[in-house]
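Each chain is listed here by its residues.
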Amino acid sequence: IAMPMDSECIPVPFLQGLSKICRDSNEVLSELRRYFKRVEYKSGQFLWQENDISKVLVYLESGLLGVLSHGRSNFIDFTVPGQFSGELSCFTEDLRRNSLLAIKDSTLWCIDRSSLDRLKLEHPHLYILLQNITIIFASHRLNHLHLLGYVHSV
């Protein structure tokens, strides 16, 4: 079971990604931090399984996550520190298309659906900013998958 942890800092890669599209990144981070929870997963724990309801998006601070698809025993992709996972289906509220497994002990920053909804109501501009950040990260990941041959057009 994932154990929430208290912390005051969001990792540097997130700040770097944010600073690319936002002038006041420190101020924005301070506000966004209130909506995220720092969580740890042990190696071998699933964050979610294929066809689960999308309730959370995660940003990996440390560790390694593997993406399993359609009951395959081999990984089709990996999430490394500094990357998001689950963001697209969380925003679209689709079912999970893949399973996500902690390969190594991992520390993540998570924002669940209810916190996203609260962010949207309380700070719509931050909600849109978070969407933009995750779209940038997702675009890089899709290009990578395209180069590996898993996606045929991007």
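In the block above lies the structure referred to throughout.
In this text the structure is predicted, and so the values were computed from the model without any measurement.

Considering the nonpolar core
In step 1: Leu57, Phe84, Ile111, Leu116, Leu119 and Leu130 are the most contacted members of the largest nonpolar core, which totals 19 residues.
In step 2: In terms of residue count, helix α5 (residues 124-148) provides more of this core than any other element does, six residues in total.
In step 3: Setting aside residues no more than four positions away along its own chain, Leu57 makes contact with Phe84, Ser85, Gly86, Glu87, Cys90, Phe91, Trp109, Cys110, Ile111 and Leu116.

Quick look at the packing of aromatic side chains
In step 1: Tallying each qualifying case throughout the model produces three aromatic pairs.
In step 2: Lying across the ring of Trp48, Arg96 places its NZ or CZ 3.6 Å from the centre.

A short note on the pairing of strand β4 (residues 56-69)
In step 1: Of all 14 residues that make up β4, eleven are buried, and the element is covered over most of its length.
In step 2: Sheet topology places β4 next to strand β7 (residues 98-112); twelve bridges connect them, and they run antiparallel. Of the residues in β7, the one forming a bridge with Val56 is Asp112.
In step 3: One ladder, built from two bridges, connects β4 with strand β6 (residues 84-85); its direction is antiparallel. Residue pairing across strands places Tyr59 opposite Phe84, the latter belonging to β6.
In step 4: Here β4 pairs with strand β5 (residues 75-79) via four bridges, running antiparallel. Pairing of Leu65 across the sheet is with Thr79, part of β5.

Notes on the side chain of Thr107
In step 1: On the secondary structure map, Thr107 appears in strand β7.
In step 2: Owing to a relative accessible area of 7%, Thr107 belongs among the buried residues under this scheme.
In step 3: When neighbours within four sequence positions are excluded, Thr107 is seen to be in contact with Arg38, Val39, Glu40, Tyr59, Leu60, Glu61 and Ser62.

Comments concerning the environment of Ser54
In step 1: Here Ser54 shows up in the loop between β3 (46-48) and β4.
In step 2: At 3.2 Å, the side chain of Ser54 forms a polar contact with the side chain of Ser89.
In step 3: Engagement of the side chain of Ser54 in a polar contact is seen with the backbone oxygen of Asp94, the distance being 2.3 Å.

Observations concerning the side chain of Ser106
In step 1: Relative to the helices and strands, Ser106 resides in strand β7.
In step 2: A distance of 2.7 Å separates the side chain of Ser106 from the backbone oxygen of Lys104, its partner in a polar contact.

Some words on the pattern of salt bridges
Where charged atoms from two side chains of opposite charge come close, those side chains can pair.
In step 1: In this structure the tally under the stated criterion is six salt bridges.
In step 2: Here Glu122 and Arg34 are joined by a salt bridge, their closest N and O atoms 3.9 Å apart. With Glu122 in helix α4 (residues 113-122) and Arg34 in the loop between α2 (25-33) and β2 (37-41), this residue pair connects regions lying 88 residues apart in the sequence.
In step 3: Between Glu93 and Arg113 there is a salt bridge; the shortest N-O distance is 3.9 Å. Of this pair, Glu93 sits in the loop between α3 (87-92) and β7 while Arg113 sits in helix α4, and the two are 20 residues apart along the sequence.
In step 4: Overall, the relative accessible area of 55% leaves Glu93 in the exposed class.
In step 5: We classify Arg113 as buried; its relative accessible area is 13%.

Criteria and thresholds
- Residues numbered from 1 in each chain as written.
- Predicted model: local features only at pLDDT ≥ 70, side-chain atom pairs only at ≥ 80, totals over all residues.
- Heavy atoms only, no water.
- Core = buried A, V, L, I, M, F, W, Y, C linked by side-chain atoms within 4.5 Å.
- Buried < 20%, exposed > 50% of the residue type's maximum accessible area, 1.4 Å probe, protein only.
- Helix = DSSP H or I, 4+ residues; strand = E, 2+ residues; numbered from the N terminus.
- Contact = heavy atoms within 4.5 Å.
- Phe/Tyr/Trp six-rings, centres within 6.5 Å; stacked < 30°, edge-to-face > 60°.
- Lys NZ or Arg CZ within 6 Å of the ring centre and 35° of its normal.
- Pairing = 2+ DSSP bridges.
- Polar contact = N/O pair within 3.5 Å; in protein donor to acceptor, adjacent residues only side chain to side chain.
- Salt bridge = Lys/Arg side-chain N within 4 Å of Asp/Glu carboxyl O.

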